[in-house]
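If you want the building blocks of each chain, they are given just below.
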Amino acid sequence: MNFDLTAEQEMIRRTIKEFADEEVAPGALERDLAKTFPVGIFKQLGKMGMMGLPFPEEYGGAGADTVSFAIVTEELSRACASTGITYSAHISLGGAPLNLFGTSKQKQEYLTPICTGESLGAFGLTEPDAGSDAGGTKTTASEADEEFVINGSKCFITNASYAKHLAVTAITGEKNEKKEISAIIVPTDQKGFTVIDKYEKMGLNASNTTELVLEDVRVSKDHLLGKRGDGFKQFLITLDGGRIGIGAMAVGIAQAAYEKALQYAQGRKQFGQSLSKFQAIQFKLADMAMEIELARTMVFKAAWLKDQGRVFTKEASMCKLYASEVCNRVTNQAVQIHGGYGYMKEFHVERYMRDGKLLEIGEGTSEIQRMVIARQIGC
Amino acid sequence: MNIFVLLKRTFDTEEKIVISNGSIVEDGAEFIINPYDEYAVEEAIQIRDSQGGEVTVVSVGGEEAEKQLRTALAMGADKAVLINIEDDIENGDQFTTSKILAEFLQGKEADLILAGNVAIDGGSGQVGPRVADLLDIPYITTITNITVDGTSVKIVRDVEGDSETIEAALPLLVTAQQGLNEPRYPSLPGIMKAKKKPLEELELDDLDLDEDDVEAKTKTIEIFLPPKKEAGKVLEGELDVQVKELVSLLHSEAKVI
Ligand SMILES: Cc1cc2nc3c(=O)[nH]c(=O)nc-3n(C[C@H](O)[C@H](O)[C@H](O)COP(=O)(O)OP(=O)(O)OC[C@H]3O[C@@H](n4cnc5c(N)ncnc54)[C@H](O)[C@@H]3O)c2cc1C
Ligand SMILES: Cc1cc2nc3c(=O)[nH]c(=O)nc-3n(C[C@H](O)[C@H](O)[C@H](O)COP(=O)(O)OP(=O)(O)OC[C@H]3O[C@@H](n4cnc5c(N)ncnc54)[C@H](O)[C@@H]3O)c2cc1C
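The structure displayed is predicted, hence computed values, not measured ones. Residue positions are given per chain, counting from 1 as you read along its sequence in written order. Numbering of ligands from 1 and lettering of chains from A proceed in the order in which they are written. At least 70 in pLDDT is required for a residue's local features to be given in this predicted model, at least 80 for side-chain atom pairs to be given and counted, and no such filter applies to totals for whole chains, interfaces and linings, which use all residues. Based on all heavy atoms of the structure, the side-chain values leave hydrogens and waters out of the count.

**What about the pattern of salt bridges?**
Point 1. Put simply, a salt bridge is a Lys or Arg side-chain nitrogen that is within 4 Å of an Asp or Glu carboxyl oxygen. Per the stated rule, a full pass over the model turns up 31 salt bridges over all chains.
Point 2. The partner of D121 of chain B in a salt bridge is K8 of chain B, and the shortest N-O contact between them spans 3.2 Å. Of this pair, D121 of chain B sits in the loop between β8 (112-116) and α4 (127-135) while K8 of chain B sits in the loop between β1 (2-6) and β2 (9-11), and the two are 113 residues apart along the sequence.
Point 3. According to the relative accessible area criterion, D121 of chain B is partly exposed, its value standing at 27%.
Point 4. When salt bridges that share partners are traced, they join E10, R13 and R14 of chain A together with E30 of chain B into one network. Comment: elements are numbered from the N terminus, with helices defined as DSSP H or I runs of at least four residues and strands as E runs of at least two. Residue burial is assigned from relative accessible area. The probe radius is 1.4 Å, only protein chains are included, and a residue is buried under 20% of its type maximum, exposed over 50%, and partly exposed in between.

See the structure below:
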């Protein structure tokens, strides 16, 4: 048993922490208010080689491990959750399926620009009528002249406005009266492909969430990602990895909220003493510190299992579920400790609370995580 | 060009520092590359990239300094040398460090040696000039700009807020002042490669030095934190009343007069 980070992981942590404090945190409040996407930050992350973190060097990646991915996602999210989700989705939803299921030619063509940061990564799974039940996909890809002709729509897709291409799931046929779902790589500038960036969101305002409309979008057959009919299996595997990213985001936001709350409680005086001297407040802060520590440990465990090539489905679900619920409790209490000031945007904590809510929803809601865990423990 | 950078591991003075039993508690403290040395590393890399050659970072310290050396390698330095004095020296000072560094640099045919202007812990600003003196090469402190052209070097240095332009020739030792450059973040590929770059570890023996040769010339009597900052006082009223009050406070309370 060894809880130490490796020398590389430690150096990555220091570097990204410094970057997050100096470059990401300062504009977070303004970006949330103005809903501006952090383009410049992602240019810098690209220059630092962070955009291809876990992917092979031959495609421009850095060959780092999942623990490092969790560290970077946590630190970015601590500074700005919108930056965190953009990064997490870029790596774990955009790049990962290409790396896992793509041919070497596809990786050369589509993974390389993701590693360099030239394109952001995105993944189009959710549809208006197919969310938790992602198998309920209605988007179709029929075949004509050696091409797929894709029709349908996707909703809530992260990063698509900044992606040059993304994998979407679509029905490619029927087998034994069951829908055959496949993943197909589609360039976003293809004729008939529209990306709509119009949502008014509760939080993560500086992140890019889009609606995709596909009308007779034609791509050649070699755009099929992985095996035909494996689409469902592939996105389950993809989401396992993505959940580690969401868990890490949750830890980062919670950490930020806790640090603000602790600092505020030490400075703010009521009834002649600091809030941090009241046991009621101390207990809140103690619970926060404990829960964050546990959530982080679980995120690292799931990441470590993945790095060891072991089964990690259950642990990924557990870390995502636990960390996102911790994040929601902690951010709520951080607002509480700030009293009326916490309700004001300039104190940051209300943003953490709004941003954190997504983590109980995206990449499988809390209910879905409990279903996954229940299945894993043999129910 | 054969470039050397002198680098010290120091605690981060922006983080909380705790003193116990007359020394700084290392457990839980954050350690960094001395910020002025970080400018030196950055400048060395830039000069190497434009002029060719090799950057070697050298640190005198303990085992733990390997982390800071690896960080410099991740930024882009080519080689690192750790002169580990952990087992040999209990109380060193600037004399100790510069003597060891000079002994190491002797015969290395360095074209350019870069150091920090001061280390933020000790704050003496002595190591750079002392090393140059021992090596019998010229030195220029607190530089804010450097251009190398063949063996001639043009330097701008900070003189208490003003700047002075100096021309010099290699070999040369310079110390970096804030404003020299904006140190880069180590890149992720740089971090991944840092472990594979050469890091040589030496001890006093390897430099043919005895503990007596480098014995400190100074003694640390006491280490203490500056007094806690009290809330300020704003004087009010007529100007001459304020002045009188200020003078009396400077005498009686601040006791500076
Ligand atoms: C900001 C944001 C970014 C997103 N990014 C992406 C992206 O990049 N790519 C992508 O494909 N998708 C993305 N999504 C979509 C997200 O994954 C879905 O919103 C999520 O899976 C839930 O689906 P739904 O919204 O259709 O809710 P529904 O599935 O309609 O769920 C509504 C409620 O019913 C519950 N529920 C559903 N089924 C069950 C059941 N069997 N038992 C008990 N309770 C149940 C759910 O837990 C939930 O509480 C994003 C969403 C948001 C908000
Ligand atoms: C939108 C909005 C509208 C408002 N409208 C009005 C208005 O119309 N008129 C008006 O007068 N005020 C108004 N307020 C102010 C509101 O009543 C105060 O914000 C509230 O009473 C809390 O005070 P505070 O913000 O100073 O927090 P604090 O008193 O500083 O409290 C901070 C935290 O410390 C806790 N705490 C404080 N003391 C103790 C203790 N002894 N033991 C344990 N915990 C303690 C609190 O419960 C809280 O969690 C409004 C506030 C908001 C946000």
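**Regarding unusual backbone geometry**
Point 1. In this chain, L170 of chain B is followed by P171 of chain B through a cis amide linkage whose omega measures -5°.
Point 2. Tracing the backbone shows P171 of chain B in the loop between β11 (162-169) and β12 (172-176).
Point 3. The phi torsion at E146 of chain A lies on the positive side, around 60°, for a residue other than glycine.
Point 4. Within the element layout of this structure, E146 of chain A appears in the loop between β2 (140-144) and β3 (147-158).

**What about the site of ligand 1?**
Residue and element names in this part refer to chain A.
Point 1. Note on terminology: near, applied to a residue and a molecule or strand, indicates that one of the residue's heavy atoms is within 4 Å of it. Taken together, 16 residues are adjacent to ligand 1, and T126, S132, F156, T365 and E367 come closest.
Point 2. Here S132 contributes a side-chain N or O atom positioned 2.6 Å from an oxygen atom of ligand 1.
Point 3. Interatomic distance of 2.7 Å between a backbone N/O atom of F156 and a nitrogen atom of ligand 1.
Point 4. Only the protein chains shown count as cover for residues, and all accessible areas are computed by the Shrake-Rupley method using a 1.4 Å probe. The fraction of the free accessible surface of ligand 1 (980 Å²) that becomes covered by protein chains is 64%.
Point 5. Considering every element that reaches the shell around ligand 1, the biggest residue donor is β3, with three residues. Polar contacts, as counted here, are pairs of nitrogen or oxygen atoms within 3.5 Å of one another; within protein the pair requires one atom able to donate a hydrogen and one able to accept it, and residues that are adjacent in sequence qualify only if both atoms are side-chain atoms.

**Some points on the confidence of the model for chain B**
Point 1. What pLDDT expresses is the predictor's confidence in each residue, scored from 0 to 100. Predicted confidence across chain B gives a mean pLDDT of 93, with 100% of residues reaching 70 or more.
Point 2. Reported for the predicted complex are a pTM of 0.92 and an ipTM of 0.89.

**Things to note about helix α1 (residues 35-51) of chain B**
Along an α-helix, residues three or four apart share an orientation, since each turn contains 3.6 residues.
All names here are of chain B.
Point 1. The end-to-end C-alpha distance of α1, which contains 17 residues, comes to 24 Å, matching closely the 24 Å that a straight helix rising 1.5 Å per residue would cover.
Point 2. Burial in α1 covers these residues: Y36, D37, E38, Y39, A40, V41, E42, E43, A44, I45, I47 and R48.
Point 3. Remark: G52 follows α1 within two positions and exhibits a positive phi of approximately 85°. Each residue after the first adds 1.5 Å to the expected span of a helix.

**Quick look at the domain arrangement of chain B**
Point 1. Domains are outlined according to an automatic or database domain assignment. Domain assignment breaks chain B into domain 1 (2-214) and domain 2 (228-257).
Point 2. Computed from C-alpha coordinates alone, the two centres of domain 1 of chain B and domain 2 of chain B are separated by 44 Å.

**Section: the sheet that holds strand β10 (residues 152-159) of chain B**
Residues and elements named next belong to chain B.
Point 1. If you trace the nine strands from one edge of the open sheet to the other, you get β11-β10-β9-β12-β8-β1-β6-β7-β13, paired in mixed fashion. Every other strand in the sheet has two partners, leaving β11 and β13 (199-202) as the edge strands with one partner each. With strand direction ignored, the average angle separating the axes of adjacent strands in the sheet is 30°.
Point 2. Taken together, the eight bridges between β10 and β11 define a ladder with antiparallel strand orientation. Two strands qualify as a pair provided that DSSP identifies no fewer than 2 bridges between them. To obtain an axis, a line is fitted to C-alpha atoms, over the contacting stretch when the element is a helix, and the angle between two such axes runs from 0 to 180 degrees between their N-to-C directions.

**Observations regarding the environment of K196 of chain B**
Residues and elements named next belong to chain B.
Point 1. Inspection of the secondary structure puts K196 in the loop between α5 (188-194) and β13.
Point 2. Its relative accessible area of 69% is what places K196 among the exposed residues.
Point 3. Placed 126 residues apart in sequence, K196 and R70 show a C-alpha to C-alpha distance of 9.8 Å.

**Re the domain arrangement of chain A**
Often the size quoted for an interface is simply the accessible area lost on bringing the parts together.
Residues and elements named next belong to chain A.
Point 1. The domains assigned to chain A are domain 1 (7-116), domain 2 (123-229) and domain 3 (233-376).
Point 2. The C-alpha centroid of domain 3 is placed 31 Å from the C-alpha centroid of domain 2.
Point 3. With 14 residues of domain 2 at the interface, the matching set in domain 3 holds 11 residues.
Point 4. Across the domain 2 to domain 3 interface the summed buried area is about 940 Å²; carbon plus sulfur atoms make up 69%. The contact definition used throughout considers only heavy atoms, calling two residues in contact when any of these lie within 4.5 Å. The buried area of a pairing is the accessible area, by a 1.4 Å probe, that goes missing from both parts when the two are put together, added over both.

**Concerning the site of ligand 2**
Residues and elements named next belong to chain A.
Point 1. Every residue lining ligand 2 is accounted for by R268, Q270, F271, L275, F278, A280, I281, Q336, I337, G339, G340 and M344.
Point 2. With respect to ligand 2, the backbone of Q336 contributes an N or O atom lying 2.7 Å from an oxygen atom.
Point 3. A distance of 2.6 Å is found between an oxygen atom of ligand 2 and a backbone nitrogen or oxygen belonging to G340.
Point 4. Burial of ligand 2 by the protein amounts to 44% of the accessible area it has alone, namely 970 Å².

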